[in-house]
Amino acid sequence: MDYRFRTRRKTYSIGRYGNGRGGTLSLADARRERDKAKELLKEGKDLSTEKQLDKHRQSAARPFAQWADEWLAKKKVEKVKRGRIVAVRDPKTIEVLELLVGYVKDRFGKLSRQDIKRPDVLAFMRSYEAEGKLETRDRVRSIGEQICDYADVEGDGYNPFRNLKGQIANISIQRPGVTEARDVTRVFKLISAPWTKARFGDVVGLALRFDALTIPRPGMVNEMEWNEVDWDAKRWTVPSHQNEDRLGPCRASVTAGTRDPAQRSKADWPSPVRVFLL
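Residues numbered from 1 in each chain as written. Predicted model: local features only at pLDDT ≥ 70, side-chain atom pairs only at ≥ 80, totals over all residues. Heavy atoms only, no water.

(A) Focus on the overall build of the protein. Looking only at helices and strands, the protein features 10 helices and seven strands. A total of 278 residues make up the protein; the buried ones form 24% of that total. The long-range fraction of contacts in the protein, counting pairs at least 24 apart against all pairs at least 6 apart in sequence, stands at 54%. (Helix = DSSP H or I, 4+ residues; strand = E, 2+ residues; numbered from the N terminus. Buried < 20%, exposed > 50% of the residue type's maximum accessible area, 1.4 Å probe, protein only. Contact = heavy atoms within 4.5 Å.)

(B) A look at the packing of aromatic side chains. The tally for this structure, following the rule as stated, stands at eight aromatic pairs. Here the aromatic residues Phe64, Tyr103, Phe108, Phe124, Tyr128 and Phe161 are joined through ring pairs into a cluster of three or more. Over the ring of tryptophan 67 we find arginine 62, and its NZ or CZ is 3.8 Å from the ring centre. (Phe/Tyr/Trp six-rings, centres within 6.5 Å; stacked < 30°, edge-to-face > 60°. Lys NZ or Arg CZ within 6 Å of the ring centre and 35° of its normal.)

(C) Representation of the environment of aspartate 202 in the model. With respect to the helices and strands, the residue aspartate 202 is situated in the loop between helix 7 (181-192) and helix 8 (203-214). Residue class for aspartate 202 comes out buried when judged on its relative accessible area of 18%. In this view, aspartate 202 contacts Pro194, Trp195 and Arg209; residues no more than four positions away in its chain are not counted.

(D) Spatial organisation of the pattern of salt bridges. Going through the model one piece at a time under the given rule, you end up with 18 salt bridges. One salt bridge connects arginine 34 with aspartate 35, and the closest N-O pair in it is separated by 3.3 Å. With relative accessibility at 31%, the residue arginine 34 sits in the partly exposed group. Across the pair glutamate 145 and arginine 141 runs a salt bridge whose closest N-O atoms are separated by 2.7 Å. Separated by four residues within a single helix, glutamate 145 and arginine 141 lie in helix 6 (residues 134-151), roughly one turn from each other. Looking at glutamate 145, the relative accessible area reads 19%, which means it is buried. (Salt bridge = Lys/Arg side-chain N within 4 Å of Asp/Glu carboxyl O.)

(E) A look at unusual backbone geometry. Of note in the backbone geometry, threonine 7 takes a positive phi value of approximately 70° without being a glycine. Positioned with a positive phi, lysine 234 is a non-glycine residue whose angle comes to about 55°. With respect to the helices and strands, the residue lysine 234 is situated in the loop between strand 5 (229-230) and strand 6 (235-238). Using a relative accessible area of 53% as the deciding quantity, one classes lysine 234 as exposed.

Have a look at this one:
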C-alpha cells in the first residue's frame, strides 16, 4: 500500500498473499488491514513506525519463561569484551540461580509479565511460608522481581513481585548475646572441637575460633597481612599507618586541652596500634 506521510512517499507492506494459513493473508484480510492503516493515517501516525512499535509490543508480550531464560543467560556471563567471554560466574552460583529461576518458571512461565497478578504471587510466596522455607521464599521473590524489571522494555514499571513486605510474614529468630560465664564456656567448647565431617574441612571452625579469640572488626581480618603476625610470640599487630576505617573505635583518645577540637589535625592523634594475642 503506497501512502504519503509528511509529504514523503512511502510503502506499507501488509503481508504475503495466500489462503490465510501459515502467516499469509487473503485479499479480504488485506483489505481489512488496509482500512486499519488508513485510520492510523487519519490519526497522524506513520504506518512504518507503528508497525515497528507493534513488533516491539509483541516481543515484550513474550512468555515469562523466555524472559527468565534470557535473564539467566546474561547472568551466567559477567562480561564480554571484543567478542570474547572474559569472566563468568562460579558454577555453584549458576546452579543455585538455575534452581531458583526454575521455581518461578514452573509457576508463571506460560504467562506474560502483564498477566502475572499480585494475588497469585502472594499465594506462591505463602506456599513457601507454609513449608517453613522463608529464605527460599525471599530469594525466589527477588529473582522474580529482577526478571520482571528486565522484561519491562516499555518502562511501565509493573512488577507484581515488588513491595510484598506488608503481605508476607517476616519471622525472625531472636539470638541474644551470650553474657553468662557458663554459656560462654559452652560456646567455646562447641567451637573448639574440629569439624571432621565439614564439606570444606574445618575452615568454618577455624574462622569461629579465630574470631572468638581476637574479636576483630571484619575489615581488619580482610586486610590482614602475614607480615603483621609474629608467629613466635603469637601476636598480631595492626600497623599504625592503616586507615581509621580498619581500626575503627580502637583509636586512642586525644589528650584534653591541647588545641581547639575543631582545629585538630590527624598529626595530633597518637599512633593507633591494636595488638591481638593469638
